[in-house]
Amino acid sequence: MPVGSVMAPPAAAGHAAQPLDEIDPSPTRRLGIIGWFSLTWLGGISLLALLAPALPLKDPDRSYLEIVRTGPLQPGHILGGDGNGRDMLARVVFGARTSLTIAVVAVLAGLVVGGLLGLVAGYYRGRFDAVLTTLFNVLLSIPALVLALSLVAVFASADQDVSNGRKMSVIIAALAIVTVPILGRITRASALSWSEREFVKAAQVLGASHRRIMFREVLPNVAPAMMSIALLGIAVAIVAEGSLALLGVGVTEVPSWGNMIALGRSDLARNGWAVGIPSTAIFLTVLALNYLGDVVRARFDVREGVL
Amino acid sequence: MTPYSANRAAGATAESPVGFRLNRRVQGRLLEVADLRTGFRTPGGVVRAVDGVSLTLDRGRTLGIVGESGSGKSVLSRSIMGLLPRRNVERSGRVVYDGTDISALTPGRRKDLWGTQMAMVFQDPMTALNPVQRIGAQITEGLRFHLGLDRGTSRANAVALLRSVGIPEPERRLKQYPHELSGGMRQRIMIAVALACGPRLLFADEPTTALDVTVQAQILNLLAAQQREREMAMVLVTHDLGVVAGRADTIAVMYAGQIVETAPTAQLFANVRMPYTEALLRSIPQLDQPRGSRLQAIPGRPPNLVRPPRGCRFAPRCPYAQDRCRAEAPPLVEEEPGHAYRCWYPLPARVTPPTRGAY
Amino acid sequence: MTLTRELGKRFLGLILVLFLVTLFTALLLSMVPGDPVDTLLPLSDSSPEVVAQKEALREELNLDEPLPARYAAWLGDFVRGDFGNYYRTSGADPVGDRLAEALPVSLQLMVYAQVLALLIAVPLGVLSAYRAGTLFDKAANTTAFALLAVPNFVLGLGLAYYVGVVAGWLPPSGYVPFTDNPAEHIQRMILPAVTLAAAQIAVYMRLLRSDMVQTLQEDFIQMARSKGISDQRVLWRHALRPSSLTLLTVAGHNVGTLIGGAVIVEVLFSIPGLGTAIAQAIFERQYVALQTFVAVLAILYVLVNFAVDVLYTVVDPRIRHARARN
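My aim in this report is to walk through the structure given alongside it, one point at a time. Bear in mind that the values here come from a model prediction, so they are computed numbers and not experimental data.

The rules behind each value
Residues numbered from 1 in each chain as written. Chains lettered and ligands numbered in written order. Predicted model: local features only at pLDDT ≥ 70, side-chain atom pairs only at ≥ 80, totals over all residues. Heavy atoms only, no water. Contact = heavy atoms within 4.5 Å. Buried area = accessible area lost by both parts, 1.4 Å probe. Salt bridge = Lys/Arg side-chain N within 4 Å of Asp/Glu carboxyl O. Polar contact = N/O pair within 3.5 Å; in protein donor to acceptor, adjacent residues only side chain to side chain. Helix = DSSP H or I, 4+ residues; strand = E, 2+ residues; numbered from the N terminus. Buried < 20%, exposed > 50% of the residue type's maximum accessible area, 1.4 Å probe, protein only. Lys, Arg positive; Asp, Glu negative; His and termini not counted. Axes fitted to C-alpha atoms, helices over the stretch in contact; angles between N-to-C directions. Left-handed = near helix turned anticlockwise from the far one by under 90°. Nonpolar A, V, L, I, M, F, W, Y, C, P; charged D, E, K, R; others polar. Pairing = 2+ DSSP bridges. 1 Å grid on protein atoms, 1.4 Å probe; cavity = no way out; pocket = protein on both sides within 12 Å on 5 of 7 lines; lining within 4 Å. Points joined across faces, edges and corners; volume = space filled by probe spheres on them.

**Topic: the interface of chain A and chain C**
Reasoning step 1: On the chain C side, the residues contacting the 43 residues of chain A number 48 residues.
Reasoning step 2: Roughly 4,000 Å² is buried in total at the junction of chain A and chain C, and carbon and sulfur atoms are behind 75% of that figure.
Reasoning step 3: Linking chain A with chain C are one salt bridge, by the criterion used here.
Reasoning step 4: There are one residue pair in polar contact (both at pLDDT 80 or more) connecting chain A and chain C.
Reasoning step 5: Only α3 (126-140), α4 (144-156), α7 (210-246), α8 (257-265) and α9 (273-306) of chain A provide two or more residues apiece to the side of chain A that touches chain C.
Reasoning step 6: Considering every element that reaches the side of chain A that touches chain C, the biggest residue donor is α9 of chain A, with nine residues.

Written out as structure tokens, the structure is:
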């Protein structure tokens, strides 16, 4: 009896032998309504933050007696006033300026440093990689907020009058330091897997320098993962700024979303809006960043899956 | 005492909760499928994996279903059993098992049949057995769930089952995990799991594809032996004509979701009518071929199951295709008793088997 | 590589990380700009007693020694249970006392939060995977997503205010030890535990759902279904276990994270745990105490993660057997 196999042609455009099950309804490659909303919100808030001094807003530090502890929709003050009668709209916009600056600069710094280190570690491997991974592990073994808190406390609270500028720099630096190992790890893992691919070996054989390969071949493939984590990281940094403010080590002289919440906290019984409005701003921004981060990852994940 | 009769003696009832009388007849119609259709809703449209299949199977008999990957043969056996996902599936047609229309049953009641009346053996035993569950547990689960046996009895049954499928040291195996055994042993265990509650109908979905050639014959022999002993009907699904050649009573050839030829085995091999079946036969490598001769593959690809072509689905790849074939879809026609085919210009009836010639 | 050899290798890595981390925290004090002694004892008085006090402190903290000696001294003290002191005008309070009080409280909060999170997230995740694509699944997913976007301090403040103050159902702050009054202890821990658990619920649920959806497409699930057993049984007895590995790993790592990451929640609800102790130490510029707390946290975190990793490889029977075969 012939025991042979029929030559089976490649699988049809139908489906696999396995019955199809559900398609995972997480963010797909196309932007839905939420995606567009997220982009709009982020774009809008960034623009407002950037142009804040030039906008026709009230002075965020000036107290208007008539709107002390009032909710929104007051004549002339759309979002009402806080415990000291300061215009909430102006404070939210200037607060965005502060919070977003801190978060974006910190994550960008972490991205550049961590990304670079991770890229080099993942590509070269060997001893440099081992040392770097240990360093990352060390930094990661202290819970992020505690580390940031400690650094800020040590460098910006030691003497009584630290300038606000210096405070902000220290906060940014601390958040950046906390971000470096996280981004470094992701970049390293991604660079590691991409560096083992055929096209990298091909480029090496052709005689391309390591630097060229790293930046022209590996980096573009690693970038999407980095971007996705960076977006999520900005969201985390915004919340971290809030946590620092609540713990008493945030920026003080200028409004930030964090210190608005901290200041409004004591007033919660009489005026929930002072806390609610900056909280909503943070919530929407974090939501938008999380969503877009997921979309970026989903859009570029398929290539990883094919591997 | 076979494990089958051991189950019965252990107190399993003959009444199944479906209120479905267990027929102890050994002859007669067991399964009747009428115009079964299964479609999967995908973003690109509805994939018609099974597009109007009708067949019958008598007790104790074997039906072989042969086709390429993508022909719908695996989906067919799952559709008959009812083992499909709950959502995004369009199903129509009738399946009558032992006189009862099971396609009209709710999923809950249909589950009462699974394991006790019908069971399935899957293609790859490495992925079809639970990797983190011990073998003993996997066998006894059905026994305890359906037949309510206690731990001791079900364990004894499991040992007897393992012995009957030819596994040495059955007691030791109960505690082991699937990955500790070879491919052939794993498939035997899967067969044991399927047969545990004594089903009357077994679907074997490519049971030997994932195995070494040397083990394939053993497994097929085992299935045949179990069939005889338990008076069980079997649907043997495969892409390999060689597998069904000596083992099936009837063969149905599937292409693009439809049955394109069906006949008793000997008749099919002797008297091929549909060109696709002929192509399948030709592509089996023969041992007496001269060295270096090319394998005869069927050129082209199976059709798109979302929008199947208007005419005969095999026409684009058929060397005998005419204009009528591309314009009109041929119906399944039964010319000789028991031999049906779907072709406008069937191959001339023959008495001698087809020889290797120019394609 | 055998199990013991691999474990041994990992253990060495662990020691290295612990060494570096403690080195880093031990140096925190020296990183303070200016004279650390002046920071700890902010007395501008230059009377001889004060000067002598400062000298004594300098001696005690080995501030004049070179780095390795300083670390060695710190490590020696630490291992012997001497965790340094709070330096207050009233005198020196040993940090160890505060540590012994605060650590169990933080551990309790962490356990409550984890248990709560798992109790809610696991059934939700299983159900979402089972009903993938339905309204329930989409609603659950959206809710989880939104929950993740709410900062934990906002949630905490909101809960404390609306549930605690306005509705008065639960006390909004404070802590009572379990041994003193179990009922009130539970009452006071509910809101902080819920606040901590909220983000975990969202993460765990989505993790489990995603893994389960994949598992449910595997062959052995179809096989289990074809045996005719109930869907519930298939879900919980067959599908859950292989799908839960990622979840358990993350939950395990969270054990370490939550001990220290609960700073905000502890402060908001006035729970006297390690987080509050850290916040207080910072506020009061008690950097010696801060050193100790951070070191303890880091050590716990590293140890817990190490234990989780080891457990993970030991528990999965496939990995265990693959190793045995080698």
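Continuing now.
**Things to note about the side chain of E261 of chain B**
All names here are of chain B.
Reasoning step 1: Looking at where E261 falls in the secondary structure, it is placed in strand β10 (residues 258-264).
Reasoning step 2: No salt bridge is formed by the buried E261; its nearest oppositely charged neighbour, R273, is found at 6.2 Å.
Reasoning step 3: A polar contact is formed between the side chain of E261 and the backbone nitrogen of R273, at a distance of 3.1 Å.
Reasoning step 4: In contact with E261, other than residues within four places in its own chain, are I251, A252, V253, L268, N271, V272, R273, M274, T277, H339, A340 and Y341.

**Quick notes on the packing of helix α2 (residues 88-124) of chain A against helix α5 (residues 164-195) of chain A**
Each pair of packed helices gets described by two things: the angle between the helix axes and the distance between those axes.
Residues and elements named next belong to chain A.
Reasoning step 1: Relative orientation of the contacting elements α2 and α5 amounts to 35°, with a least axis distance of 5 Å. Viewed along their axes, α2 and α5 form a crossing whose handedness is right-handed.
Reasoning step 2: The residue makeup of the contact of α2 with α5, split by class, is 19 nonpolar, 11 polar and one charged.

**A word on the sheet that holds strand β3 (residues 62-66) of chain B**
Residue and element names in this part refer to chain B.
Reasoning step 1: Spatial strand order, β6-β7-β8-β3-β9-β10-β12-β11: eight strands in an open sheet with mixed pairing. Two strands lie at the open edges of the sheet, namely β6 (118-121) and β11 (333-336), each paired on one side alone. The average angle at which neighbouring strand axes cross in this sheet is 20°, direction not considered.
Reasoning step 2: The pairing of β11 with strand β12 (residues 339-341) spans three bridges and is classified as antiparallel. Directly across from E334, in β12, lies its bridge partner A340.
Reasoning step 3: Running at roughly 155° to strand β7 (residues 201-205), helix α2 (residues 73-81) makes contact with β3, β6, β7, β8 (233-238) and β9 (250-255) of the sheet.

**Observations concerning the sheet that holds strand β2 (residues 45-58) of chain B**
Residue and element names in this part refer to chain B.
Reasoning step 1: With antiparallel pairing, the four strands of this open sheet are ordered in space as β2-β1-β4-β5. Whereas interior strands pair on both sides, the edge strands pair on one side only; in this sheet they are β2 and β5 (100-101).
Reasoning step 2: Strand direction decides the pairing type here: strand β1 (residues 29-42) and β2, joined by 11 bridges, are antiparallel. Paired with V33 across the bridge in β2 is L55.
Reasoning step 3: Here α2 sits on the sheet and contacts β1, β2 and β4 (89-97); the angle it forms with β1, its principal contact strand, is near 115°.

**A look at empty space enclosed by the protein**
Reasoning step 1: Here the structure, examined in full by the defined rule, presents five cavities of 30 Å³ or more.
Reasoning step 2: The space that makes up the second largest cavity amounts to roughly 90 Å³.
Reasoning step 3: Among the residues making up the lining of the second largest cavity, the classes are represented as 13 nonpolar, no polar and no charged.

**Here's the deal with the environment of V310 of chain C**
Residue and element names in this part refer to chain C.
Reasoning step 1: With respect to the secondary-structure elements, V310 resides in helix α15 (residues 287-315).
Reasoning step 2: A relative accessible area of 17% means that V310 is categorised as buried.
Reasoning step 3: For V310 and V296, which are 14 residues apart along the polypeptide, the C-alpha to C-alpha distance reads 21 Å.

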